[in-house]
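Tertiary structure, described
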Amino acid sequence: MREILGRRRRLLSRRGGGPDLIGAALTFATEWQWPVLPGVAADPRSRSRCGCPDPDCTVPGAHPFDPGLLAATTDARMVRWWWGNRPAAPIVLATGGKAPCAVSLPALPAAGALAALDRRGMRLGPVVASPDRWSILVQPYSMEQLGELLYAKDFVPGSLRFHGEGGYLALPPSETAQGGIRWERAPLPGSASPWVPDVEAVVDAVVDALTRTGVSAPEM
């Protein structure tokens, strides 16, 4: 129990001046059963660029590269080996399957939308924040389910992105070429995987909040 509580505290803390990535990765993988893998790091020659071969990478330092996404695992030995050899590697969640998916939108309208949802008393789970986008974790969904949900709507902001089956998301306390990844809404302590809402409820509420409050959601 002491080890578990200590690992949870390390999710939001820093030790030795840097994020405790291996502690966080072990919590995600072994306690919450979220499959993770190390992301590609920033280019050591230029921290603002990705370490992958694509000079126009749109998510620098925040995506899988080697190993590929299919290698994501909940195995503690593999997690220890990866971050033992690459201690600064970002933590990437393979979304979908039994793991959470996510709905993301640009940071400024996301802040306005979450404030509107708080005023309405809507319950949200964890929210992951990067410097430019916030991602609301949701229950796993199929592409068919998502397609039907979006088809039924008269309007969906083009800046919404969906991280479903076969997708990925960088998790705190990762450092990417775009900046640090943090919890805007941290998971509540508990022995099981954090509660997350249904995707339909989140999309309905976010679209309604953006429309009613007049918060713009520019394409990014």
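Computed from a prediction, not measured in an experiment: that's the story for all the values here.

Before going further, it helps to spend a moment on helix H4 (residues 107-120). The end-to-end C-alpha distance of H4, which contains 14 residues, comes to 20 Å, matching closely the 20 Å that a straight helix rising 1.5 Å per residue would cover. Every buried residue of H4 is accounted for by Ala107, Pro109, Ala110, Ala113, Leu114, Ala116 and Leu117.

Here five strands make up an open sheet; going across it, the order is S10-S7-S9-S8-S14 and the pairing antiparallel. Of all strands in the sheet, those with a lone pairing partner are strand S10 (161-163) and strand S14 (182-185), marking the two edges. When strand polarity is set aside, the average angle formed by the axes of neighbouring strands in this sheet is 30°. Pairing between strand S8 (residues 127-129) and S14: three bridges, direction antiparallel. Bridge pairing in S14 places Ala129 opposite Arg182. Its contacts with the sheet put H4 on strand S7 (101-106), S8, strand S9 (133-138) and S14, and the angle it makes with S7 is roughly 115°.

By the element assignment, Thr73 lies in the loop between strand S5 (46-50) and helix H3 (76-85). Beyond its immediate chain neighbours, meaning those up to four positions away, Thr73 contacts Ala29, Trp34, Pro35, Val36, Met78, Val79 and Trp82.

On inspection of all chains with the given rule, the structure shows five salt bridges. Arg77 is the partner of Asp75 in a salt bridge, and the nearest nitrogen-oxygen pair spans 3.6 Å. Residue class for Asp75 comes out partly exposed when judged on its relative accessible area of 28%. Where Asp118 meets Arg185, a salt bridge forms, and the shortest distance between an N and an O atom there is 2.6 Å. Residue Asp118 is located in helix H4, and its partner Arg185 is located in strand S14; the two are separated by 67 residues in the primary sequence. A residue is classified by how much of its surface remains accessible, and Asp118, at 40% relative accessible area, is partly exposed.

It is worth spelling out the nonpolar core at this point. Ranked by internal contacts, the top residues of the largest apolar core, which has 29 residues, are Phe28, Trp83, Ile91 and Leu171. Counting only elements with at least two residues in this core, the list comes to helix H2 (21-31), strand S3 (36-38), H3, strand S6 (91-95) and strand S11 (167-171). Counting residues per element, this core draws most heavily on H2, which supplies six residues. Core analysis: the second largest hydrophobic core is formed by 27 residues, Leu114, Leu117, Val202 and Ala205 among them.

Glancing now at the sheet that holds S11. Backbone hydrogen bonds are what pair the strands of a sheet, in a parallel or an antiparallel way. Strand order across the open sheet formed by three strands is S3-S6-S11, with antiparallel pairing between neighbours. Two strands lie at the open edges of the sheet, namely S3 and S11, each paired on one side alone. Within the sheet, the average angular offset between the axes of one strand and its neighbour, ignoring direction, is 35°. In this sheet, S6 lies alongside S3 in antiparallel orientation, the contact comprising three bridges. In the strand pairing of S6, Val36 is matched with Leu93.

Let's shift gears to H3. Burial in H3 covers these residues: Ala76, Val79, Trp82 and Trp83. Buried residues of H3, viewed axially, fall in a sector of 130°; they line one side. Residues of H3 that are exposed and angled more than 90 degrees away from the buried face: Arg77, Trp81, Gly84 and Asn85. At its buried positions, H3 is contacted by H2, S3 and S6. If you check the start of H3, you find a side-chain oxygen 3.2 Å away from the backbone N of Arg77, and it comes from Asp75.

What follows covers the confidence of the model for the protein chain. For the protein chain, per-residue confidence averages 84 on the pLDDT scale, and 85% of positions sit at 70 or higher. In the predicted structure, residues 1-18 sits below a pLDDT of 50 and forms 24 contacts with residues beyond four places in sequence or in another chain. Overall, residues 216-220 carries pLDDT values under 50, and its contacts beyond four positions in sequence, including any with other chains, amount to 15 contacts.

Our next topic: the packing of aromatic side chains. Counted according to the given criterion, the structure contains five aromatic pairs. Judged by centre distance (5.5 Å) and plane angle (50°), the ring pair of Phe28 and Trp32 falls under tilted. Residues Phe28 and Trp32 agree in their burial class; the two are buried. Cluster of aromatic residues (ring-pair linked, three or more members): Phe28, Trp32, Trp34 and Trp183. In this arrangement the basic side chain of Arg123 is found over the ring face of Trp195, its NZ or CZ atom lying 3.7 Å from the centre.

Reading guide: rules and limits
- Residues numbered from 1 in each chain as written.
- Predicted model: local features only at pLDDT ≥ 70, side-chain atom pairs only at ≥ 80, totals over all residues.
- Heavy atoms only, no water.
- Helix = DSSP H or I, 4+ residues; strand = E, 2+ residues; numbered from the N terminus.
- Expected span 1.5 Å × (residues − 1).
- Buried < 20%, exposed > 50% of the residue type's maximum accessible area, 1.4 Å probe, protein only.
- Pairing = 2+ DSSP bridges.
- Axes fitted to C-alpha atoms, helices over the stretch in contact; angles between N-to-C directions.
- Contact = heavy atoms within 4.5 Å.
- Salt bridge = Lys/Arg side-chain N within 4 Å of Asp/Glu carboxyl O.
- Core = buried A, V, L, I, M, F, W, Y, C linked by side-chain atoms within 4.5 Å.
- Arc of directions from axis to C-beta.
- Polar contact = N/O pair within 3.5 Å; in protein donor to acceptor, adjacent residues only side chain to side chain.
- pLDDT = per-residue confidence, 0-100.
- Phe/Tyr/Trp six-rings, centres within 6.5 Å; stacked < 30°, edge-to-face > 60°.
- Lys NZ or Arg CZ within 6 Å of the ring centre and 35° of its normal.

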